[in-house]
Amino acid sequence: MVNPFIRNHQYNMIKKQVKLLQNACSTVSDPKVVEAVRTTAVTKVLDAFPEATALQKQYFEKISTLNRTEDFQTYLQSLEPFLAEFEQVSSAQIKKLFPKVKKLKLPDLDVLDYKYTTYIGWTDIATNKMFLLYNLDGKLVGIEGKFTRANKKSTCCLCNRHEEVALFSAIAKSKPANASPDYYKAIGNYMCVSSDICNKNISDVEVLEKFIRNLLE
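So, here's what we can say about the structure. All values reported here derive from a predicted model rather than from experimental measurement. (Residues numbered from 1 in each chain as written. Predicted model: local features only at pLDDT ≥ 70, side-chain atom pairs only at ≥ 80, totals over all residues. Heavy atoms only, no water.)

## Let's talk about the packing of helix H2 (residues 31–47) against helix H3 (residues 54–61)
When two helices pack together, their arrangement is given by the angle between the helix axes and by the axis-to-axis distance. With their axes 9 Å apart at the nearest point, H2 and H3 run at an angle of 150 degrees to one another. In terms of orientation, H2 and H3 fall into the roughly antiparallel class. The crossing of H2 and H3 is right-handed. Two secondary-structure elements touch here, H2 through Val-42, Val-45 and Leu-46 and H3 through Lys-57, Phe-60 and Glu-61. (Axes fitted to C-alpha atoms, helices over the stretch in contact; angles between N-to-C directions. Helix = DSSP H or I, 4+ residues; strand = E, 2+ residues; numbered from the N terminus. Parallel < 35°, antiparallel > 145°, perpendicular 65-115°, else oblique. Left-handed = near helix turned anticlockwise from the far one by under 90°. Contact = heavy atoms within 4.5 Å.)

## Focus: the packing of aromatic side chains
Evaluated as defined, the whole model comprises 10 aromatic pairs. Measuring from centroid to centroid gives 5.9 Å for Phe-5 and Phe-49, while their planes differ by 70 degrees, and the two rings are edge-to-face. Placement of the pair is Phe-5 in the segment before helix H1 (8–27) and Phe-49 in the loop between H2 and H3, with a sequence separation of 44 residues. We note that Phe-5, like Phe-49, is buried. Aromatic rings pair up to connect Phe-5, Phe-49, Tyr-59, Phe-60 and Phe-82 into one cluster. (Phe/Tyr/Trp six-rings, centres within 6.5 Å; stacked < 30°, edge-to-face > 60°. Buried < 20%, exposed > 50% of the residue type's maximum accessible area, 1.4 Å probe, protein only.)

## What about the state of the cysteines?
The full count for this structure, using the stated rule, is 0 disulfides. Its sulfur unpaired, Cys-192 is 3.7 Å from the next cysteine sulfur, which belongs to Cys-159. (Disulfide = S-S within 2.5 Å.)

## Comments concerning the nonpolar core
Counting residues in each nonpolar core, the largest one holds 27 residues, and the members touching the most others are Tyr-134, Cys-156, Leu-158 and Ile-212. Leave out the neighbours within four places in its chain, and Ile-212 touches Leu-132, Tyr-134, Leu-136, Val-141 and Ile-143. Ranked by size, the runner-up nonpolar core spans 23 residues in total, among them Val-2, Ile-6, Ala-52 and Tyr-75. (Core = buried A, V, L, I, M, F, W, Y, C linked by side-chain atoms within 4.5 Å.)

## Focus: the sheet that holds strand E2 (residues 129–136)
Strands sit in the order E1-E2-E3-E4-E5 across an open sheet of 5 strands; the sheet is antiparallel. With partners counted over all chains shown, the strands left at the sheet margins are strand E1 (120–124) and strand E5 (186–192), one partner each. On average, adjacent strands in this sheet sit at an angle of 35 degrees to one another, irrespective of strand direction. Where helix H7 (residues 206–216) meets the sheet, it contacts E2, strand E3 (139–155), strand E4 (162–171) and E5, and its direction lies at approximately 105 degrees from that of E2. (Pairing = 2+ DSSP bridges.)

## Looking at the environment of Gln-93
As for its position among the elements, Gln-93 is in helix H5 (residues 91–97). Judged by its relative accessible area of 32%, Gln-93 falls in the partly exposed class. Residues within four places of Gln-93 in sequence aside, it is in contact with Glu-87 and Gln-88.

## Thoughts on the pattern of salt bridges
Following the criterion strictly, the structure yields 6 salt bridges and no others. For Arg-213, the salt bridge identified is with Glu-209, shortest N-O distance 4.0 Å. Of this pair, Arg-213 and Glu-209 both sit in helix H7, 4 residues apart, which is roughly one turn of that helix. When its relative accessible area of 24% is taken as the criterion, Arg-213 is described as partly exposed. Each of Arg-68, Glu-70 and Asp-71 takes part in salt bridges that share partners, so that together they form one network. (Salt bridge = Lys/Arg side-chain N within 4 Å of Asp/Glu carboxyl O.)

The structure is reproduced here in structure tokens:
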């Protein structure tokens, strides 16, 4: 039996590679080109799981057998039982992560599909704030920051897709040893206005984790 081991962003990456292969199979006439795309897809997926067991690798190597249109969707559906859910959280847990925020607006946890969640993000329009929850190194952490809509589409720093974005600017907790009492360091990035859309697109957590570490450490 194989326990869930594919995180949401990894599943999105697999879908991206499978889609590229499907497109090549349906539009490219040169078999050598198709084979190159096929090999690249398998390699990139395997590289994303360096600690995969032999059995887990077998699931990914099946990508090399996909040809027909129906094969691709069936393959992706076959991986869904192996999706590792984001840690379920309660309202009480969230409040503990943001103890200084009075009248904290909470996300609608009832509508979350934890299988397809890399991070939980929500906004409070009344205070122009954005809140974000992420499981960093096995620990649930929360960050908050100012949320300023850009009123345009641009590239989200987290999912690297062209979407409606907002500037999320937060203050780092750490200070230099000789810093003055009023010292602060703000770190900002353009992120998707909709965390739901971002979670459907994000295929790598390197930028997300670096951003959070820079704020917390």
